[in-house]
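Architecture and fold: a report
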Amino acid sequence: MRAIIARKEHFNAAYRLHNPDWSEEKNQDIFGPYNNPNYHGCNFDLEVQVIGEINPITGYVMRTEDLAVLVKTQVLNKFDHKNLNLDLEEFERLNPTIENIAMVIWRILREKLDPKLDLKIRLYETERNFVEFPAS
Ligand SMILES: Nc1nc2c(c(=O)[nH]1)N=C([C@H](O)[C@H](O)COP(=O)(O)OP(=O)(O)OP(=O)(O)O)CN2
Ligand SMILES: [Zn+2]
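Residues numbered from 1 in each chain as written. Chains lettered and ligands numbered in written order. Predicted model: local features only at pLDDT ≥ 70, side-chain atom pairs only at ≥ 80, totals over all residues. Heavy atoms only, no water.

Looking at an unreviewed UniProt entry, the protein carries the name 6-carboxy-5,6,7,8-tetrahydropterin synthase, with the source organism given as Microscilla marina ATCC 23134. Regarding the protein, the relevant UniProt record gives this comment under Sequence similarities (unreviewed entry): "Belongs to the PTPS family. QueD subfamily." Under the heading Pathway (unreviewed entry), UniProt records this for the protein: "Purine metabolism; 7-cyano-7-deazaguanine biosynthesis." (UniProt positions renumbered as here; feature names shortened; annotations may be inferred.)

Spelled out as structure tokens, the structure:
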């Protein structure tokens, strides 16, 4: 039987929504206050879901303590209290929208997880806005 285990974490980051190929005017028009050249911060809530078979012997899908360490070392240490545009190479040419942040987190964790396990990311940018990746 399959089950979902999940880890919830929290991180703070500064960023700006910006397309370097556009004019300042177009960036302002499309991204508004979120294009602030002095950046803005968000308090992100992250939920990492790992989906897999329940091991009949251990009763585990995956040890929750292993998932906690994975999220801390691979995601929190990289994202927390950073400037996403300046500090993370992933966002050199990728706009740090919640959609893209969730995709980058998914890609990072996907590489580290047993391929038998499925992975889903839920990322809250505010209490009201969140994204799930992948959509399917
Ligand atoms: N599709 C997306 N739209 C927006 C994104 C995004 O990543 N993907 N991001 C932003 C801004 O970064 C912004 O920080 C969102 O925060 P906020 O304006 O506070 O969002 P709320 O809707 O929760 O704020 P209210 O107080 O409810 O107005 C914008 N759009
Ligand atoms: Zn924002």
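It is worth spelling out the pairing of strand S2 (residues 40–53) at this point. Summarising burial for S2: 10 of the 14 residues are buried, a large majority. Where strand S1 (residues 2–15) lies against S2, 14 bridges are found, and the strand directions are antiparallel. Looking at S2, one finds that Ile-4 is bridged to Ile-51. Here S2 runs beside strand S4 (residues 118–124); their pairing, made up of seven bridges, is antiparallel. (Buried < 20%, exposed > 50% of the residue type's maximum accessible area, 1.4 Å probe, protein only. Helix = DSSP H or I, 4+ residues; strand = E, 2+ residues; numbered from the N terminus. Pairing = 2+ DSSP bridges.)

Here the protein shows a mean pLDDT of 98. Residues at 70 or above account for 100%. The ipTM for the predicted assembly is 0.93, set against a pTM of 0.96. (pLDDT = per-residue confidence, 0-100.)

With that settled, the discussion passes to helix H4 (residues 98–112). In a regular helix each residue adds 1.5 Å, so 15 residues correspond to 21 Å; H4 covers 22 Å between its end C-alpha atoms and thus fits that length. Residues Ile-98, Asn-100, Ile-101, Ala-102, Met-103, Val-104, Ile-105, Ile-108, Leu-109 and Arg-110 constitute the buried set of H4. Looking at the buried side of H4, the elements it contacts are S1, S2, helix H2 (64–79), helix H3 (84–87), S4 and strand S5 (130–133). (Expected span 1.5 Å × (residues − 1). Contact = heavy atoms within 4.5 Å.)

Below, the discussion takes up unusual backbone geometry. Most peptide bonds take the trans configuration, and most residues that are not glycine carry a negative phi. In this structure, the amide linkage connecting Phe-133 to the following residue, Pro-134, adopts the cis form with an omega of -5 degrees. Mapped onto the elements of the fold, Pro-134 is located in the segment after S5. For Tyr-39, which is not glycine, the phi dihedral falls at a positive 70 degrees. With respect to the helices, strands and loops of the structure, Tyr-39 is situated in the loop between helix H1 (24–31) and S2. A positive phi angle, near 60 degrees, is found at His-81, a position not held by glycine.

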